[in-house]
Amino acid sequence: MNLQNDIKIKQLYQMLPEGVVAPASWLAEQGYSMQLLYQYTKSGWLKKTSRGSYIRGDSKPSWQGAVLGLQKLSHEPFHIGGVTSLNLQGYAHYLPLNNSQIIYLYGTQKLPAWFKNIKLEQEFYIMKKPYFKTIGLKSIPSNTKDWEMVISSPERAIMELLYQVKPDGLSFEFAAEIFEGLTTLRPSLINELLGMCENIRVKRLFLFLTSYFNHPWAKHIKKESLELGTGRMQIVKNGVFDNEFLITVPKEYHAR
């Protein structure tokens, strides 16, 4: 490798942290041609993680590294949400985070092909609903230097999780166990999210659990202004019908 190429690979290693997946489009923007990438790959300085993405030769791809490449290098509007976000923030600490095989990624656009083709131990589940624009998103430190990941706040993440609670989805009991630990939510953000939420089932289920657990923030929720519909909804099979929120719930939760 000549001196110029040697300088460029050192520059690349300074820009690209270990473990972060870099799309070829970003590398091209930094001045790295396909011919140069081929040379780096052949010499072991880079490794291909998919058709159209690379990683430093001294590391291996992780789901966080893939997400950082998606968010910070491709600038794609996707975020980590639902139960994955709650787990990262310690609200589902009994779940095996490091060994979890499912990572919930939220966004309404089409994923770039390079991201979809990365081979990882984990599998990404792409969710488009519920949609709250950028309300309730936050950044947290990743496992890569000072780079941060965009995730859902607990207030947003629990609503994303509740969207999956249905007879053929996540269990009511699973959601309730996590909800029980959400004692410090911000009522102002909850009210904003509930006001924007278009899913009647999510709003009814959230309000039922709010009433059931009666956390300190519960008294500040403005449920009177919410559109909750009039029809009955089956949340669980063989459940008991709750007349206040018009949903079926497990018998042990109805006797509150």
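We now turn to the structure provided with this report. (Residues numbered from 1 in each chain as written. Predicted model: local features only at pLDDT ≥ 70, side-chain atom pairs only at ≥ 80, totals over all residues. Heavy atoms only, no water.)

Right, let's get into the overall build of the protein. When its secondary structure is counted, the protein shows 11 helices and 10 strands. Dimensions along the principal axes, computed over C-alpha positions, put the protein at roughly 75 × 35 × 30 Å. Taken over 256 residues, the protein has a buried fraction of 50%. Taking the contacts inside the protein whose residues are at least 6 apart along the sequence as the reference set, 64% of them involve residues at least 24 apart. Here the protein has roughly 13,100 Å² of accessible surface; of this, 49% comes from carbon and sulfur atoms. Charged side chains in the protein number 30 positive and 22 negative. The centres of these two groups are separated by 6 Å. (Helix = DSSP H or I, 4+ residues; strand = E, 2+ residues; numbered from the N terminus. Buried < 20%, exposed > 50% of the residue type's maximum accessible area, 1.4 Å probe, protein only. Contact = heavy atoms within 4.5 Å. Areas by Shrake-Rupley, 256 points an atom, 1.4 Å probe, with all protein chains shown as cover. Lys, Arg positive; Asp, Glu negative; His and termini not counted. Charge placed at Lys NZ, Arg CZ, Asp CG, Glu CD.)

Here we come to helix α4 (residues 63-73). Of all 11 residues that make up α4, 10 are buried, and the element is covered over most of its length. Every buried residue of α4 is listed here: W63, Q64, G65, A66, V67, L68, G69, L70, Q71 and L73. At the exit of α4 stands H75, carrying a positive phi of roughly 55 degrees.

What follows is about the nonpolar core. Counting 44 residues, the largest nonpolar core has I158, M159, L161, L162, F172, F206 and L209 as the members making the most contacts within it. Listed by contribution, the elements that provide at least two residues to this core are α5 (82-88), β5 (102-106), α7 (154-162), α8 (172-180), α9 (187-196), α10 (200-213) and β10 (247-249). Here this core takes 7 residues from α10, the largest share from any one element. Apart from the residues lying within four places of it in its own chain, the contact partners of F206 are I158, M159, L162, F179, I190, L194 and W217. In this structure, L12, W63, F115 and M149 belong to the second largest nonpolar core, which totals 36 residues. (Core = buried A, V, L, I, M, F, W, Y, C linked by side-chain atoms within 4.5 Å.)

One can describe the packing of α7 onto α10 by two numbers: an axis separation of 9 Å at closest approach and a directional angle of 115 degrees. Considering how the two elements wind past one another, α7 and α10 form a crossing that is right-handed. Counted together, I158, M159 and L162 of α7 and V202, L205, F206 and L209 of α10 form the full contact between these two elements. Partitioning the contact of α7 with α10 into residue classes produces 7 nonpolar, no polar and no charged. (Axes fitted to C-alpha atoms, helices over the stretch in contact; angles between N-to-C directions. Left-handed = near helix turned anticlockwise from the far one by under 90°. Nonpolar A, V, L, I, M, F, W, Y, C, P; charged D, E, K, R; others polar.)

Overall, antiparallel pairing links the 3 strands, which are arranged β1-β3-β2 in an open sheet. Strands at the two margins of the open sheet, each flanked by one partner only, are β1 (22-23) and β2 (46-50). As judged from the 2 bridges shared by β1 and strand β3 (residues 53-56), these two strands associate in the antiparallel manner. Residue pairing across strands places P23 opposite S53, the latter belonging to β3. Seen against the sheet, helix α3 (residues 34-43) touches β2 and β3 and runs at an angle of roughly 110 degrees to β2. (Pairing = 2+ DSSP bridges.)

This next bit is on the pattern of salt bridges. Per the counting criterion, the structure on display carries 4 salt bridges. The partner of R186 in a salt bridge is E155, with the nearest N and O atoms 3.0 Å apart. Of this pair, R186 sits in the loop between α8 and α9 while E155 sits in helix α7, and the two are 31 residues apart along the sequence. Across the salt bridge formed by R156 and E160, the nearest N and O atoms sit 3.1 Å from each other. (Salt bridge = Lys/Arg side-chain N within 4 Å of Asp/Glu carboxyl O.)

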